[in-house]
Amino acid sequence: MSIEKIQKTARLYALQNAVQFSGKANPKAVVGKVIAILSKDGISPKDIIPVVETVVQEVNKIPLDKQTSELKKLAPELLVREKKERDYSLPDLPNAVKGKVVTRFPPEPNGFLHIGHAKASIVDYEYAKKYDGKFILRFDDTNPENAELEFYDAQKEDLKWLGIEWDEEYRTSDNLKKHYELAEQLIKQGHAYVCDCSPDFVKECRFDGKECECRHDDVELNLSRWKEMLASSAYGCVLRLKGDMKCPNTAMRDPTLFRIIEKPHPIHGSKYRVWPTYDFAGAVEDSISGVTHPFRTKEYELRDECYFKLLDYLKLRKPNLMEFARLSIEGMPVSKRKIKPLIEKKLVSGFDDIRLPTLRGLKKRGIKPEAIKQFILSQGISKVESTVDFGLLEAENRKLVDPIAKRYFFVPYPVVLYVENAPDVTKEISFHPSNTSFGSRIIKTGNVFYVPKSDMDKLEKGDIFRLKDLYNVKILKKDGKILGEHAGEKLIQDSLKIQWASEDSIEMNVFKPHPLFIDDNYNDKSLEKIRGFAEKSVKDIQTDEIVQFERFGFVRIENKKDEIIGYFSNK
Ligand SMILES: [Zn+2]
């Protein structure tokens, strides 16, 4: 066998893997690739593994741009191919011209953003970037009952955390005068009328395809009634589009365009009482703000006809309206209607509870914004409704945190193990298997260990197991106190390897989320509090750092004055 050949192949694939994962190659992935290639030449994995490990360490010390240029020189085809595999690029837009595309994200300021908003905002933002266009953040705040002051800023914070930047920002409610002018235009053209029928009667007429009497009032009367609406002297009336009460698409059966809402607005107070509906405000704003490619979720599809009819009547430019399916995650509700009662009943701790798919919940749990973006883009923008497994988002997160997370010892649900004749061992252990720049720490062991109860349950008196990376222990006694004795250093094939923590470890809790809903019922076991012991160097971890507890999972740490808490991010 030729060491040189292994080195050369290892270097190539270490570079490729590093370029793919933000500059840090994963030795396991590289080993797998190199073995797959060289085993054809009869080179054994035993010879390959140590060489690859050294090469990966070397490559990981090189900055990403140097790694990329070296790979480009050595094997450009590897660079291109791997990039394509991970390139979740969005399909081309219809009628899109570079530099002229304008997209917008139009949240209602009524709550913290969740994964569904992340999809909309990321798609809108990425398209604007793809075409060197403009991205607008527009607060659709024309329903005072669905707008709260705190959420304008809270939603902006959420977007910034996602890495989204907008070129322009405004509130639809600031354009109300313009909306009133356009409403008046519609009335004058005979395309809208004021209706004061009871909501029940309107509903009945829509169902039966019947017109109400107001529909036949003349323009003059409609204009004066519209002015009464605005001037606060009329109650219980709405402005409706003169659509078609027999249209098979019920969304066209004279939809409401404006209604009276007396609740003060968080920005404008009681200045206005007549507010446009989503049908009117959405269409008008998309058009007058210059949006070329607005997206909305598929459940609005039937309302498209109304959108274009309105713009037709108003002689306004028509954007390329696009639709995609709503994003749903198995067992995780996104609607405020479902989340709010959980908070009120204290079944979840708040909008940032780690079981919720709010951006704040995901952040607290240790999901990286870049993972959310990759996850969203990997799902594409199809119109097919589907429920996605959270595991896919976890997998994207793992790709990002694995190269950068320090490794620590943690024993969940521990029991105490006493070892007779235990040597005092002082070990220096690296914080990362491949990246030496993370440094190392010293762990000292005596004759007391914390070990997982679940592992101990598998063993019986007389069995020999291995304390991982340390030595073998033979079980002497298991009733009540667990007693073992030192049983040599030499690795025994197939013996159980057990994660341990030394006596000076720190007790801490890790919170692990499980599905919040199972078959639509609240899961009262959705938050698992895992008590465990972590090696004492966890004290030096900064709040918000994501680390890997070996054989347990990735965990975001909160290092508080009197306690350390972990939140389980992903396996
Ligand atoms: Zn009526």
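What counts and how
- Residues numbered from 1 in each chain as written.
- Predicted model: local features only at pLDDT ≥ 70, side-chain atom pairs only at ≥ 80, totals over all residues.
- Heavy atoms only, no water.
- Helix = DSSP H or I, 4+ residues; strand = E, 2+ residues; numbered from the N terminus.
- Rg over C-alpha atoms; globule rule 2.2 N^0.38 Å.
- Contact = heavy atoms within 4.5 Å.
- Areas by Shrake-Rupley, 256 points an atom, 1.4 Å probe, with all protein chains shown as cover.
- Lys, Arg positive; Asp, Glu negative; His and termini not counted.
- Charge placed at Lys NZ, Arg CZ, Asp CG, Glu CD.
- Expected span 1.5 Å × (residues − 1).
- Buried < 20%, exposed > 50% of the residue type's maximum accessible area, 1.4 Å probe, protein only.
- Donors = N, O, S within 2.8 Å, 3.2 Å for Na, K, Ca; no water.
- Tetrahedral: all angles 85-135°; square planar, octahedral: opposite > 155°, others 65-115°.
- Pairing = 2+ DSSP bridges.
- Core = buried A, V, L, I, M, F, W, Y, C linked by side-chain atoms within 4.5 Å.
- Phe/Tyr/Trp six-rings, centres within 6.5 Å; stacked < 30°, edge-to-face > 60°.
- Lys NZ or Arg CZ within 6 Å of the ring centre and 35° of its normal.

**Topic: the overall build of the chain**
Counting secondary structure elements, the chain contains 17 helices and 29 strands. Its C-alpha atoms give the chain a radius of gyration of 31 Å, more than 25% over the compact-globule value 25 Å for 571 residues. Its C-alpha atoms give the chain principal-axis dimensions of about 100 × 60 × 40 Å. Looking at the chain alone, contacts between residues at least 24 apart form 69% of all its contacts between residues at least 6 apart. For the chain, the exposed area adds up to about 27300 Å²; of that, 50% sits on carbon and sulfur atoms. Each charge class in the chain was averaged separately, 95 positive and 90 negative side chains, and the resulting centres sit 3 Å apart.

**Concerning helix α6 (residues 115-130)**
For α6, which comprises 16 residues, the first-to-last C-alpha distance of 22 Å matches the rise-based estimate of 22 Å (1.5 Å per residue) to within 8%. Within α6, 13 of the 16 residues are buried, which leaves the element mostly enclosed by the surrounding structure. Residue D132 follows α6 closely and has a positive phi angle near 50 degrees.

**Some thoughts on the coordination of the zinc ion**
For the zinc ion, the protein coordination sphere consists of C195 (SG), C197 (SG), C212 (SG) and C214 (SG), at 2.3 to 2.4 Å. In this structure, the zinc ion is surrounded by four donor atoms whose angles at the metal cover 106 to 115 degrees, and the resulting shape is tetrahedral. Counting along the primary sequence, the residues that act as donors to the zinc ion give the motif C-x1-C-x14-C-x1-C. Note that C197 is positioned in the loop between β4 (192-195) and α9 (199-208) and C214 in the loop between α9 and α10 (219-230), a separation of 17 residues in sequence. C214 shares its class with C197; the two are buried.

**Things to note about the pairing of strand β6 (residues 256-260)**
Along β6, four of the five residues are buried, which leaves the element largely enclosed by surrounding structure. As paired elements, strand β5 (residues 238-241) and β6 share three bridges and run antiparallel to each other. Bridging across to β6, L239 finds its partner in F258.

**Thoughts on helix α15 (residues 369-379)**
All of the buried residues along α15 are A371, I372, K373, Q374, F375, I376 and L377. In the segment just after α15, G380 is the residue with positive phi, at about 75 degrees.

**Details of the nonpolar core**
Ranked by internal contacts, the top residues of the largest apolar core, which has 42 residues, are I115, I372, I376 and L393. Of all the secondary structure elements, the ones that give two or more residues to this core are α6, β2 (134-139), α7 (149-162), β9 (322-324), β10 (327-329), α14 (359-365), α15 and α16 (390-401). The contact partners of I115, leaving out residues within four places of it in the chain, are L327, I329, V334, P357, L359, L362, I372, F375, I376 and L393.

**Section: the packing of aromatic side chains**
Here the structure, examined in full by the defined rule, presents 24 aromatic pairs. Ring centres of F112 and F351 lie 5.5 Å apart, and the angle between their planes is 50 degrees; on these two criteria the pair is classed as tilted. With F112 in the loop between β1 (102-105) and α6 and F351 in the loop between α13 (336-344) and α14, this residue pair connects regions lying 239 residues apart in the sequence. The same class applies to F112 and to F351, which are both buried. With centroids separated by 5.7 Å and ring planes inclined at 55 degrees, the aromatic side chains of Y125 and F135 adopt a geometry described as tilted. Of this pair, Y125 sits in helix α6 while F135 is found in strand β2, placing the two residues ten residues apart along the sequence. There is no split in this pair, since Y125 and F135 are both buried. Three or more aromatic residues joined by ring pairs make a cluster, and in this case those are Y180, W226, F258, Y272, W275 and F280. A cation over an aromatic ring shows up here: K481 above the ring of Y418, its NZ or CZ 4.4 Å from the ring centre. Sitting above the plane of the F568 ring, K512 keeps its charged end 4.5 Å from the centroid.

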